[in-house]
Amino acid sequence: MVKATKAEKKIAYDAKLCQLIDEFTQILVVAADNVGSTQLQNIRKGLRGDSVVLMGKNTMMKRSVKIHAENSGNTGILNLMPLLQGNVGLIFTKGDLKEVSEEVAKYKVGAPARVGLVAPIDVVVQPGNTGLDPSQTSFFQVLNIPTKINKGTVEIITPVELIKQGDKVGSSEAALLAKLGIRPFSYGLVVQSVYDNGSVFSPEVLDLTEDDLVQKFAAGISMVTSLALAISFPTLAAAPHMFINAYKNALAISVATEYTFPQAEKVKEFLKDPSKFAVAVAAVSADAGGGASAGAAKVEEKKEVVEESDEEDYGGFDMFGDE
């Protein structure tokens, strides 16, 4: 079999990338730092069916994207170019973006703390018996970890934050974690950005629920309404409030003057003679009280009937069978 030349590989890669761009409208841009070939192969198998993982050099991907945009007129795909920075890959998918990102996150592999590696998380050594003999206490002393000898082994007394996120792993920390058998880090493809039909957004958007969207939408409407009321600009959201405020102003003028209109007559009548409305309120209260009294009377009557039935004669015998 004849081995393809470098130029032929570039042509084949360009054709494949352009084909995927035409076929898929959703792309996940993922970071592939410290991801091995076996791990990547498992991810490909897990996503097989509705997703395709494509890795490659950033320069080749940018070149193919640019050429495809020029030939097809799909300028939206150019938004992908600023995202092709660092050790990244592309996941083309037709499935649900949230489900695909969750599936990708499943394929993480534990890894030891290697010297010079930047810690992605804080590493805390928990207290407990290490199983190491007392001759190994020098490691703990260098790292200022309080220990004691218990039954011939070294025991850590208190939890210790050995490495902070963002710090480089030192030789002493790496050696100690290796002796303790701790693999503190885990690596896999990490979704950095999401491309969907020309739009690019953060992967945190995928975690939003319907309740979150409703809450944000309501907050947006509230802000628009407040702004519209502040500058007296009519909008659909502010219109009900404007009408109510206008009615209040007209009512205030009507109450203060002889001018009246149908919606103000009842208010003015109430202000002239509140006793009329007090009688109406009392009548309503009386009706409610009468209904309650009738209900109480029914309960009392039912109670009397039950008491009478308990005292009935059962032919010379009481209900327990005695004469």
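Residues numbered from 1 in each chain as written. Predicted model: local features only at pLDDT ≥ 70, side-chain atom pairs only at ≥ 80, totals over all residues. Heavy atoms only, no water.

In the annotation of an unreviewed UniProt entry, the entry for the protein reads 60S acidic ribosomal protein P0, and the organism field reads Brassica campestris. Listed under Sequence similarities (unreviewed entry) in UniProt, the entry text for the protein is "Belongs to the universal ribosomal protein uL10 family." Per its UniProt entry, the protein bears the Subunit (unreviewed entry) comment "P0 forms a pentameric complex by interaction with dimers of P1 and P2." (UniProt positions renumbered as here; feature names shortened; annotations may be inferred.)

Enquirer: Any chance you could break down the pattern of salt bridges for me, citing the residues and the numbers?
Expert: Pairs may arise between side chains of opposite charge once their charged atoms sit close together. In the structure shown here, the tally under the stated rule is three salt bridges. Across the pair Lys98 and Glu102 runs a salt bridge whose closest N-O atoms are separated by 3.3 Å. Taken together, the positions of Lys98 and Glu102, both in helix α4 (residues 97-106) and four residues apart, correspond to about one turn of that helix. Lys98 sits in the partly exposed class, given a relative accessible area of 31%. (Salt bridge = Lys/Arg side-chain N within 4 Å of Asp/Glu carboxyl O. Helix = DSSP H or I, 4+ residues; strand = E, 2+ residues; numbered from the N terminus. Buried < 20%, exposed > 50% of the residue type's maximum accessible area, 1.4 Å probe, protein only.)

Enquirer: How would you summarise the packing of aromatic side chains if you had to cite specific residues and measurements?
Expert: Scanning the entire structure with this criterion turns up four aromatic pairs. Measuring from centroid to centroid gives 6.5 Å for Tyr247 and Phe261, while their planes differ by 85 degrees, and the two rings are edge-to-face. Remark: Phe261 occurs in the loop between α8 (239-256) and α9 (262-272) and Tyr247 occurs in helix α8; sequence separation between them is 14 residues. Taking the relative accessible area as the measure of exposure, Tyr247 reaches 33% and is therefore partly exposed. (Phe/Tyr/Trp six-rings, centres within 6.5 Å; stacked < 30°, edge-to-face > 60°.)

Enquirer: Outline the pairing of strand β3 (residues 88-93), listing residues and values.
Expert: Burial analysis of β3 places six of its six residues in the buried class, the great majority of the element. Neither face of β3 is exposed, since Val88, Leu90 and Phe92 on one face and Gly89, Ile91 and Thr93 on the opposite face are all buried. Where strand β1 (residues 26-31) and β3 come together, six bridges link them in antiparallel fashion. By the bridge assignment, Val30 is partnered in β3 with Gly89. (Pairing = 2+ DSSP bridges.)

Enquirer: An account of the pairing of strand β11 (residues 190-196) is requested, with residue identities and associated values reported.
Expert: Pairing of β1 with β11 involves six bridges; the strand directions are antiparallel. Directly across from Ile27, in β11, lies its bridge partner Tyr195. Judged from the three bridges that link them, β11 and strand β12 (residues 199-201) form a sheet pairing that is antiparallel. Note on β12: the bridge partner recorded for Asp196 is Ser199.

Enquirer: Let's hear about the packing of helix α1 (residues 6-23) against helix α3 (residues 58-72): which residues, and what values?
Expert: Contact geometry of α1 with α3 gives a least axis separation of 9 Å together with a crossing angle of 55 degrees. Relative to α3, α1 is oriented oblique. In the crossing of α1 with α3, the sense of the turn from one axis to the other is right-handed. Along its contact with α1, which presents Lys10, Tyr13, Asp14, Leu17, Cys18, Ile21 and Asp22, the element α3 presents Met60, Met61, Arg63, Ser64, Val65 and His68. (Axes fitted to C-alpha atoms, helices over the stretch in contact; angles between N-to-C directions. Parallel < 35°, antiparallel > 145°, perpendicular 65-115°, else oblique. Left-handed = near helix turned anticlockwise from the far one by under 90°. Contact = heavy atoms within 4.5 Å.)

Enquirer: Summarise the sheet that holds strand β6 (residues 128-129); cite the residues concerned and give the values.
Expert: Taken together, three strands build an open sheet; the order of strands is β6-β8-β7 and the sheet is antiparallel. The sheet is open, and its two edges are formed by β6 and β7 (147-150), each paired on a single side. Pairing analysis gives four bridges linking β7 to strand β8 (residues 153-156), with the strands arranged antiparallel. In the strand pairing of β8, Asn150 is matched with Thr153.

Enquirer: An account of the side chain of Gln39 is needed here, citing residue identities and associated values.
Expert: Looking at the element boundaries, Gln39 is found in helix α2 (residues 37-47). Relative accessible area serves as the criterion here: at 10%, Gln39 is assigned to the buried category. Setting aside residues no more than four positions away along its own chain, Gln39 makes contact with Asn34, Tyr107, Lys108, Val109, Tyr187 and Gly188.

Enquirer: Report on the sheet that holds β1, specifying residues and quantitative values.
Expert: Here five strands make up an open sheet; going across it, the order is β2-β3-β1-β11-β12 and the pairing antiparallel. Looking along the sheet, the strands with just one partner apiece sit at the ends: β2 (51-54) and β12. Neighbour-to-neighbour, the strand axes of this sheet turn through a mean angle of 25 degrees, independent of strand direction. Sheet contacts for α1: β2 and β3; angle to β2, the most-contacted strand, approximately 145 degrees.

Enquirer: Requested: an account of the packing of α8 against α9, with residues and values cited.
Expert: Running from N to C, α8 and α9 cross one another at 50 degrees; their axes reach a closest spacing of 10 Å. Here α8 lies oblique to α9, going by the angle between them. Note that α8 runs across α9; the crossing there is right-handed. For the pair α8 and α9, contact is made by Tyr247, Leu251, Ser254 and Val255 and by Gln263, Ala264, Val267, Lys268 and Leu271, respectively. Classifying every residue of the contact of α8 with α9 gives six nonpolar, two polar and one charged. (Nonpolar A, V, L, I, M, F, W, Y, C, P; charged D, E, K, R; others polar.)

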